[in-house]
Amino acid sequence: MSDDLTPARLEKSALVEAGSSAAPAPPASGRALPGGQLRKTCEIEALGFVTSAELPELPGLVGQERAVEAIRTGIGIRRPGFNVFAFGPPGAGKHTLIEQVLQAEAATAPRPADWCYVNNFADPHRPKRLMLPTGRAAALRDAMARLVAELRLALPAAFEREDYRTRREVIDQQFKHRSEEAFGALQRKAEQKSIALMRTPMGLALAPVRNGEVIPPDVFQRLAAEDRDRIRNDIETLQAELEAIMRKVPDWEREHRDAVRQLGRDTTAVVVQHLLQEVRKAFADLAEVVAYLGAVEHDILEHAEEFLAQRQEPGEADGREAAMPSFRRYQVNVLVDSSGRTGAPVVYEDHPTHQNLVGRIEHLARFGALVTDFNLIVPGALHRANGGYLVLDAQRLLAANFGWDTLKRVLRAGEIRTVSLEQLLSLQSTVSLDPEPIPLEVKVVLIGSPILYYLLAEIDPDFPALFKIAADFDDRIDRSPESTVLYARLIASAARREKLRPMDRAAMARVIEESARRSGDAAKLTAQIQSPIDLLHEADHFAEKAGKTVIGGGEIEAAITARRGRTDRIFRRFQEEIGRDTLRIETAGERIGQVNGLSVISLGGASFGHPSRITAQIRMGKGEVIDIEREVALGGPIHSKGVLILSGFLGGRFGRNGPLSLTASLVFEQSYGGVEGDSASAAELFALLSALADAPIRQSFAVTGSVDQHGQIQAIGGVNEKIEGFFDVCQRRGLTGEQGVLIPVSNVQHLMLRHDVVEAAAAGRFSVVPVETIDQGIGLLTGLPAGVLQAAGGYPEGTLNRRISARLAAFAQRAVAVALPRAARPRRRSAGDDDD
């Protein structure tokens, strides 16, 4: 069991509402309110239309001017750190409004540049980025694709032309002529000396000859010694010359290869320069692209043989080279193409993980290994939003895989560095890429809850420096005639966007009244626009079933009833148990020290009032008020604070001349869960005063309200649900005209009770009575006047305060009487005591 007035929900509490809205006329405290003050109805005639189809479209939201101005300020300051955190209640239309504001600003902003990655021929693991004017990146990509396709046709053709073959034959002949001339001269010289130069399986060899025949070894040995020596000397001389020639052959072959290679380069250069001339001309104004094309030309000249080895036949698909690693390095990986865009980008990333923000580097499986290159760099949301606006859900960002840390790092650095999460955490052992980072210029808008904003501002030192603009969406709108008309236009515009049937005036009035009820204040309207839109969806369903073309008030009422019926199982169970007296709630008769308190139970977005029996017992003691809920750890701190305030009230009123000699205990009977909030502190004080005065309290009344130490009753939250909760109990048992609820006067302005409660009150069968003070309330509950302290220091006879004073005085006298005999007892002396 809990009260809705807690620190976590302070923004929605009636304490805040009480100071921010003014009732048309101050209610008379101590008297039952007329039916007209229990619900602020919407005047149907004031709406000024027959159906909502007549209402013009309303851009934006109603009552969020402050948040809109904050957003515009944030996106207008083009300085680092002036990003926006928009926070407010869920369902307030934050996403829709922010998108509208950003789209309007983006429409007049210049289109951002294109970004692409190209191969770094000097270091392929560090791809180079290129920034191009809008629309030029795709043109460069297509131009490079055409270049590769044309080279695969033109280069093989150039090497097959007659001029190339002729020049190649000249080079081959020159090498052949040089070789033949050297060996021919050596052979002629050998022949003059009767020595033959022969080719053998082991290479070239020299041998003596006679009559054209090689001299056999045995014949050579029979020659004269002088002839043998001459022949040996000649062979040695010729052998030295042969070895000299053989040593020159590799140089000649290298010169031949160089000549052939240079011919190939010259042939390739003619083709490449011709084909690149058109590309260079198209991008002559971009120095980075011109430098890149120069690197491309140099690399093609160095690897022309790859185009010859993988010739493409005419008519083959131009994309085939994408599967060939040798040609992938000439492709252009376009990350951002702004050619089809008007204005700056507005990007919403639904799943803001590390990779979805900064992009990722994919891999291909090739020959059992994972390989990658610059073509496998995939852009992230920051790439797409660069030069514009990025919208993120703060809670999803914090819950995503390293999303928050990545966003902070990128915003601090002012650049997008695409790196895998494994690299970031130093968990990757395989070779990957380190692309050149891309400069970042983006406005980030985070959308979240107020508690998330305040937590980040408190615990994250980077947050205030990176998100300097807070856009605080209000949860309520002032309910004035002007704002009511605007609200009706807002509802009608949202219904048209959702393709729902139009509403008549009665339906619109009922939606506005329900909106005021959900705000918890009759003078306000809820800014959580999603709630009435959901209600219209259900009403549209009922209208469709009834065959109507217009949603009427009956369909809205049916939708409200159906919504309540789907979520009131626990409420009905409580009501049933109270009706069967399993849970004791008395609605007739009188009891001393017992009062019906009211609390609110919230479950799954549904809230309902629940009466609780609060009892008090007193006895002689030491001035303590025991909160049994707190003693057993079922009471929350705010509830315990309320009980301590009761002690302060009692001490201030009845303990000025001496200590209070009582001990009191307070408890929520049949409460088996936690109790939090101070809205029952007035009821607890009434029970305590009843027990002290021995004055019975009318059980036909329930009480809600907090109290201060001076006895003033203060506003609480959930007043409508609390009144209706007790009304349902009384209605189940039969309304007698004696039942009612005491509420704080300051809560009258918040009343938006159900129609059945209003009708019962108007008929005199149920009453809602506002009270300002404890004295006023106790008088209504007990029938005894509270009594005002007289100048002589006492209270008048017949008053409740007089009876309480007398009771406390009797406690004090008895406490003195008990204490005196104890003081008169002789003190036991020990052996060490000295005599006087």
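Notes on the structure follow. Each chain carries its own residue numbering, running from 1 in the direction its sequence is written. Totals for whole chains, interfaces and linings use all residues, but because this is a predicted model, local features are given only for residues with pLDDT of at least 70 and pairs of side-chain atoms are given and counted only at 80 or more. The basis for every side-chain value is the complete set of non-hydrogen atoms in the structure, without hydrogens or water.

1. Examining the overall build of the protein chain
Link 1 in the chain: Helix and strand content of the protein chain: 29 helices and 30 strands.
Link 2 in the chain: A radius of gyration in this sense is built from C-alpha atoms; the matching globule rule multiplies 2.2 Å by the number of residues raised to 0.38. Against the 2.2 N^0.38 benchmark of 28 Å for 836 residues, the protein chain shows a C-alpha radius of gyration of 48 Å, more extended than a compact globule.
Link 3 in the chain: Along the first, second and third principal axes, the C-alpha atoms of the protein chain reach 170 × 100 × 50 Å.
Link 4 in the chain: Looking at the protein chain residue by residue over its 836 residues, the buried ones come to 48%.
Link 5 in the chain: Across the protein chain, every contact between residues at least 6 apart in sequence was considered, and the portion connecting residues at least 24 apart equals 78%. For helices the rule is a DSSP run of H or I covering at least 4 residues; for strands it is a run of E covering at least 2, with both sets numbered from the N terminus onward. The buried label goes to any residue with under 20% of its type's maximum accessible area, the exposed label to any with over 50%, and the partly exposed label to all in between, with areas taken from a 1.4 Å probe on protein chains only. Whether two residues are in contact is decided by their heavy atoms: any pair within 4.5 Å suffices.

2. Observations regarding the nonpolar core
Link 1 in the chain: What we call a nonpolar core is a set of buried Ala, Val, Leu, Ile, Met, Phe, Trp, Tyr and Cys residues that are connected through their side-chain atoms within 4.5 Å. The biggest cluster of nonpolar side chains holds 57 residues, and the ones touching the most others in it are Ile98, Phe473, Met508, Leu536 and Ile556.
Link 2 in the chain: If you tally residues by element for this core, the top one is helix H18 (residues 481-497), at seven residues.
Link 3 in the chain: If near-sequence neighbours (up to four positions away) are discounted, isoleucine 556 is found in contact with Ala507, Arg510, Val511, Leu535, Leu536, Ala539 and Ile551.
Link 4 in the chain: With 46 residues, the next largest nonpolar core counts Ala664, Ala680, Phe686 and Val769 among its residues.

3. Focus on H18
Link 1 in the chain: Over its 17 residues, H18 extends 25 Å from the first C-alpha to the last, a length consistent with the 24 Å expected when each residue adds 1.5 Å.
Link 2 in the chain: Along H18, the residues classified as buried are Ser483, Thr484, Tyr487, Ala488, Arg489, Leu490, Ile491, Ala492, Ser493, Ala494 and Ala495.
Link 3 in the chain: For H18, the secondary structure elements touched by its buried residues are strand E18 (476-478), helix H19 (505-519), strand E19 (524-526) and helix H20 (530-545).
Link 4 in the chain: The positive-phi residue at the C-terminal boundary of H18 is lysine 499, with phi of around 60°. A helix is expected to span 1.5 Å for every residue after the first.

4. Concerning the environment of alanine 122
Link 1 in the chain: Mapping alanine 122 onto the fold places it in the loop between strand E2 (114-118) and strand E3 (128-132).
Link 2 in the chain: As for alanine 122 and aspartate 299, which are separated by 177 residues in sequence, their C-alpha atoms are 9.8 Å apart.

5. As for the packing of H18 against H19
Link 1 in the chain: In this analysis, axes come from line fits to C-alpha atoms, helices being fitted only over the stretch in contact, and the angle between any two N-to-C directions falls in the range 0 to 180 degrees. At a minimum axis distance of 11 Å, the contact between H18 and H19 shows a crossing angle of 105°. With respect to their mutual orientation, H18 and H19 come out roughly perpendicular. When H18 is examined against H19, the residues Thr484, Tyr487, Ala488, Ile491 and Ala492 are found in contact with a partner set consisting of Met508, Val511, Ile512 and Ser515.
Link 2 in the chain: By the convention adopted, Pro, Cys, Tyr, Trp, Phe, Met, Ile, Leu, Val and Ala count as nonpolar, Lys, Arg, Asp and Glu as charged, and the other residues, Gly among them, as polar. When grouped by side-chain class, the residues that make up the contact of H18 with H19 number seven nonpolar, two polar and no charged. An angle counts as roughly parallel when it lies under 35 degrees, as roughly antiparallel when it exceeds 145, as roughly perpendicular when it falls between 65 and 115, and as oblique in every other case.

6. Details of the packing of aromatic side chains
Link 1 in the chain: Stacked, edge-to-face and tilted are the three classes for Phe, Tyr and Trp ring pairs, Trp counted by its six-membered ring, which pair at centre distances within 6.5 Å; planes under 30 degrees apart are stacked, over 60 edge-to-face, the rest tilted. The final tally for this structure, using the stated rule, is 18 aromatic pairs.
Link 2 in the chain: Summarising the aromatic geometry, the rings of tryptophan 404 and phenylalanine 463 are spaced 6.3 Å apart at their centres and angled 45° between planes, so their arrangement reads as tilted. With tryptophan 404 in helix H14 (residues 403-413) and phenylalanine 463 in helix H17 (residues 463-466), this pair connects stretches of sequence that are 59 residues apart.
Link 3 in the chain: We classify phenylalanine 463 as buried; its relative accessible area is 1%.

7. As for the packing of helix H24 (residues 637-654) against helix H25 (residues 681-693)
Link 1 in the chain: It is the contact of H24 with H25, at a shortest axis distance of 10 Å, that shows an interaxial angle of 40°. Considering their axes alone, H24 and H25 lie oblique with respect to each other. The two elements H24 and H25 cross, and the hand of that crossing is right-handed. Where H24 approaches H25, its residues His639, Gly642, Val643, Leu646, Phe649, Leu650 and Phe654 are matched on the opposing element by Ser681, Glu684, Leu685, Leu688, Leu689 and Leu692.
Link 2 in the chain: Considered class by class, the residues forming the contact of H24 with H25 number nine nonpolar, three polar and one charged. For any pair of crossing helices, the crossing counts as left-handed if the nearer helix is rotated counterclockwise from the farther one by less than a right angle, and right-handed if it is rotated clockwise.

8. Re the pairing of strand E21 (residues 594-603)
Consecutive residues of a regular strand have side chains that alternate between opposite faces of the sheet.
Link 1 in the chain: With respect to burial, E21 is a largely interior element, eight of its ten residues being buried.
Link 2 in the chain: By the convention used here, strands pair only if DSSP detects at least 2 bridges between them. Direction of pairing for E21 relative to strand E22 (residues 606-620): antiparallel, over a ladder of ten bridges. Bridged to glycine 597 within E22 is serine 612.
Link 3 in the chain: Two elements, E21 and strand E26 (residues 701-703), share two bridges in a ladder whose sense is parallel. Across the sheet, the residue bridging to asparagine 596 is alanine 702, located in E26.

9. Things to note about the sheet that holds E2
Link 1 in the chain: Spatially, the three strands line up as an open sheet ordered E3-E2-E7, and their pairing is antiparallel. Strand pairing shows two members of the sheet lacking a second neighbour, E3 and strand E7 (333-336), which therefore form its edges. Along the sheet, successive strands turn relative to each other by an average axial angle of 30°, direction set aside.
Link 2 in the chain: Bridge count between E2 and E3: five bridges; the pairing is antiparallel. Each bridged residue has a counterpart across the sheet, and for tryptophan 115 the counterpart in E3 is methionine 131.
Link 3 in the chain: Of the strands in this sheet, E2 and E3 are in contact with helix H8 (residues 287-302), which crosses E3 at around 135°.

10. Observations concerning the sheet that holds strand E6 (residues 213-214)
Link 1 in the chain: An order of E4-E5-E6 is seen for the three strands of this open sheet, with the pairing classed as antiparallel. The open sheet has two edge strands with one neighbour each: strand E4 (195-200) and E6.
Link 2 in the chain: Bridge count for E4 against strand E5 (residues 203-210) is six bridges, and the pairing is antiparallel. Within the sheet, the bridge partner assigned to leucine 197 lies in E5 and is leucine 206.
Link 3 in the chain: Each of E4 and E5 is contacted by helix H7 (residues 225-282), which is oriented at about 155° to E5, the strand it contacts most.

11. Overview of the pattern of salt bridges
Link 1 in the chain: Definition used for salt bridges: Asp or Glu carboxyl oxygen within 4 Å of a side-chain nitrogen of Lys or Arg. Across all of its chains, the model carries 42 salt bridges by this definition.
Link 2 in the chain: Residue aspartate 462 is joined to lysine 408 by a salt bridge in which the shortest nitrogen-to-oxygen separation is 3.4 Å. With aspartate 462 in the loop between helix H16 (450-459) and H17 and lysine 408 in helix H14, this pair connects stretches of sequence that are 54 residues apart.
Link 3 in the chain: Taking relative accessible area as the criterion, lysine 408 reaches 8% and is therefore assigned buried.
Link 4 in the chain: Ionic pairing is found between glutamate 538 and arginine 566, a salt bridge with its closest N-O pair at 2.8 Å.

12. Details of the pairing of strand E13 (residues 389-393)
Link 1 in the chain: Most of E13 is tucked away: five of the five residues are buried.
Link 2 in the chain: Residues Tyr389, Val391 and Asp393 line one face of E13 and the alternating positions Leu390 and Leu392 line the opposite face, and both faces are buried.
Link 3 in the chain: Two strands pair when backbone bridges link them, and E13 and strand E16 (residues 443-448) are joined in this way by five bridges, in the parallel orientation. By the bridge assignment, leucine 392 is partnered in E16 with leucine 446.

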